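# Remarks on the overall topology
Each chain, written out:
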Amino acid sequence: MPSWINLPNALTALRLALVPFVLEALAGGRYVLALALFGVAAVSDAADGAIARRCGATTRVGAYLDPIADKCLLSGIFLALAWRGAAPWWLVGAIFGRDLYILLGAAVALRWTRMRQFPPSAWGKFSTFVQIVTAVSLMARGAFGGPLCGWFAGAMPWPCAAITAFSGVHYTWRTLRSRGWIDATPTRE
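Here we summarise the structure given alongside this text. Counting from 1, residues in each chain are numbered in the order their sequence is written. Local features are withheld for residues below a pLDDT of 70 in this predicted model, meaning they are given only at 70 or higher, and side-chain atom pairs are given and counted only at 80 or more; totals for whole chains, interfaces and linings count all residues. Side-chain metrics rest on all non-hydrogen atoms present in the structure, leaving aside hydrogens and water.

Moving on, we get to the environment of Gly142. Here Gly142 shows up in helix H5 (residues 122-144). Distance in space between the C-alpha atoms of Gly142 and Leu81 is 9.6 Å, their sequence separation being 61 residues. The helix and strand labels rest on DSSP assignments: H or I over at least four residues marks a helix, E over at least two residues marks a strand, and numbering proceeds from the N terminus.

Turning next to the packing of aromatic side chains. Centres within 6.5 Å are what make two rings of Phe, Tyr or Trp a pair, Trp counting through its six-membered ring; a difference in plane orientation under 30 degrees is then read as stacked, over 60 as edge-to-face, and the rest as tilted. One pass over the full model with this rule turns up five aromatic pairs. Between the aromatic rings of Trp90 and Trp158, the centroid separation amounts to 4.5 Å while the plane-to-plane angle is 35°, which identifies the pairing as tilted. Placement of Trp90 in helix H4 (residues 89-112) and of Trp158 in helix H7 (residues 157-178) is noted, with a sequence separation of 68 residues between them. Ring centres of Trp123 and Phe126 lie 5.8 Å apart, and the angle between their planes is 80°; this geometry places the pair in the edge-to-face category. Note that Trp123 and Phe126 are positioned in helix H5 at a spacing of three residues, about one turn of the helix. For Phe126, a relative accessible area of 36% corresponds to the partly exposed category. Ring-pair connections join several aromatic residues into one group, and the members of that group are Trp123, Phe126, Phe129 and Phe166. Note on classification: 1.4 Å probe, protein chains only; a residue is buried when its accessible area is under 20% of the maximum for its type, exposed when over 50%, partly exposed between these limits.

As structure tokens, then:
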């Protein structure tokens, strides 16, 4: 049996397989079901990494598949929410724009430099966290309503977009600095 066939990768595949079901639930306005399925996906995300590290079962396949599953799930949720009118389209544009910007930067780096690894930054991880909180708040508003859910869900797109955009800029700055193309040393006068 190939070494990439293991429990962590199976959990990642499960998360990827859940994507159409989460999106179908959102498209049908079944927000409670979408939240429950998203919860299962979140547990599988936490479990696959923990199991892989603890058992020494990290694989190259898992390293590629995990962020793809995360991105498909989160991006799909924002698209479905916008389609339902539960999220603003400009937020979807900001999230997809940042992702396309980073992909384009990686493609340029792969083509014209020796860079082959693009580790996530702390701001990128924080941006993902804020996107998750935003998506959950928007789904919770659809599922449960109420003034608190409504207020929080209505407020979250703004910081989400700002942090998402900043993380893209930070990723560029960090890459340029690591390549020695910009000097981040403060000057003394």
